Amino acid sequence: MAREWTDLFVLPDGAAPAPGHDGGDGDEGGRRRGRIFRRLRENLSKTRQALGAEIQATLFQTMDEETWERLEEALIMADVGAATTAKVVAQLEQEAEAGDVEGGEALSARLTELLAGIARTEQPVRIDLSPEPTVIIAVGVNGTGKTTTIGKLAWHLQRELGQTVLLGAADTFRAAATEQLEGWAQRAGCAMVSGRQGQDPGSVAFEAVRRGREEGVDVVVVDTAGRLHNQDQLMDELAKVRRVIAKQLPEAPHETLLTVDATTGQNGLRQAMLFSRAVPVDGIVMTKLDGTAKGGIALAIAGELGIPVKLIGVGEALEDLRPFDADDFARALITP
Ligand SMILES: Nc1nc2c(ncn2[C@@H]2O[C@H](COP(=O)(O)OP(=O)(O)O)[C@@H](O)[C@H]2O)c(=O)[nH]1
Ligand SMILES: [Mg+2]
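Residues numbered from 1 in each chain as written. Chains lettered and ligands numbered in written order. Predicted model: local features only at pLDDT ≥ 70, side-chain atom pairs only at ≥ 80, totals over all residues.

Asks: Outline the packing of helix 5 (residues 82-97) against helix 6 (residues 103-117), listing residues and values.
Replies: Axis separation between helix 5 and helix 6 bottoms out at 10 Å; the angle between their running directions is 145 degrees. As helix 5 runs across helix 6, the sense of the crossing is right-handed. Between helix 5, through V88, Q91, L92, E95 and A96, and helix 6, the contact on the second element is made entirely by L107, R110, L111, L114 and L115. In terms of residue class, the contact of helix 5 with helix 6 is made up of seven nonpolar, one polar and two charged. (Axes fitted to C-alpha atoms, helices over the stretch in contact; angles between N-to-C directions. Helix = DSSP H or I, 4+ residues; strand = E, 2+ residues; numbered from the N terminus. Left-handed = near helix turned anticlockwise from the far one by under 90°. Contact = placed C-beta atoms within 7 Å. Nonpolar A, V, L, I, M, F, W, Y, C, P; charged D, E, K, R; others polar.)

Now the structure itself:
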């Protein structure tokens, strides 16, 4: 899974990441990864306090029927999902009883491994940036964090990967949406194609891709509306935006990212399911993981939808968007 920006995004031949990007195997790279992991742990503190403490308390006891049940309960409370939890705990219990894993430390490490395992899907995780421009489109329910994610993503693409970015404000449903994206474009230091309220979103997307091609921009990121008068209308409109983009550039959009708000738990999961049935989704961005004790959903959602989580939002600042790494994530949740 992707740990660094250079793991998530495949740069075109000949392109080099920006100086000071987060890769690197040397001491500096190691220190940087340490810092990132500590920050991840901090930002996940709500789930970690709820889950980590309970898990450590259980796993370091002599395991009996009741402690397995408590472990199950803790995972369900963290929104790992009933079916997934049952599977993971049954596996751990079986291995513990067979004597394959012994002791609290080993049990805790094995649990981390099993939890990380449920986040794996068959679908590719990496995003290829070789199309010129690469077109990324963000979809998802209103308020889940599309616009914020796009702003953070633009910043990272430029800062870490040295890519030029152009934003397209195709959420023309809400008056404030364009202004909000403009604020992010300024912070990220990239150009933007605006739309007027009520303007056809397809025309904004079309213009963004057209300008991106003309100016030789590396990545075009298109924002969309998450709410219309009804669900069918919204899905029709998204399909239209995609068609219009494809008219400019066959194969595009190259990447459709679906934002899901972690604080809405199982309800968010149902909404995501509706979206992913109507629009082909390549990856999930799990947002607001800093604001919930139910961070386990980031592990369960890939299994439920069959779509990999590619990015996570762990705060409102520019740097609070990270490539998702299931092992780091599970470790950050469970390590007290
Ligand atoms: N704490 C936190 N807040 C977030 C995160 N992502 C987005 N938000 C907030 O969620 C709210 C809605 O975000 P917005 O990008 O406007 O959602 P959109 O309607 O899908 O475009 C804003 O107040 C954001 O600051 C996150 O990862 N953590
Ligand atoms: Mg928005």
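Asks: Break down the site of ligand 1 for me, citing the residues and quoting the values.
Replies: Taken together, 19 residues form the shell around ligand 1, and within it G145, K146, T147, T148 and G313 come nearest. The residue inventory of the shell around ligand 1, partitioned by class, reads one nonpolar, 13 polar and five charged. (Near = placed C-beta within 6 Å.)

Asks: Give me the nonpolar core: which residues, what numbers.
Replies: Among soluble globular proteins, nonpolar side chains are generally buried collectively. With 95 residues, the main nonpolar core has A154, L167 and V221 as its most contacted residues. Ranked by the residues each element gives to this core, the list is headed by helix 12 (residues 297-305), at seven residues. When residues no more than four places from it in sequence are discounted, the contact partners of V221 are I136, A138, I150, L153, A154, V165 and L167. (Core = buried A, V, L, I, M, F, W, Y, C linked by C-beta atoms within 7 Å. Buried ≥ 20, exposed ≤ 12 C-beta atoms within 10 Å, placed from the backbone.)

Asks: Before we move on, can you summarise unusual backbone geometry with the specific residues and values?
Replies: Looking along the chain, the bond that leaves E132 and enters P133 is cis, with omega of -10 degrees. If you trace the backbone, P133 turns up in the loop between strand 2 (127-128) and strand 3 (134-139). Following A252, the chain continues to P253 via a peptide bond in cis, the omega torsion being -5 degrees. Position of P253 relative to the elements: it lies in the loop between helix 10 (231-248) and strand 7 (255-261). The phi dihedral of D79 falls on the positive side, at around 70 degrees, and the residue is not glycine. The backbone of E251 sits at a positive phi, close to 85 degrees, despite the residue not being glycine. Here E251 shows up in the loop between helix 10 and strand 7.

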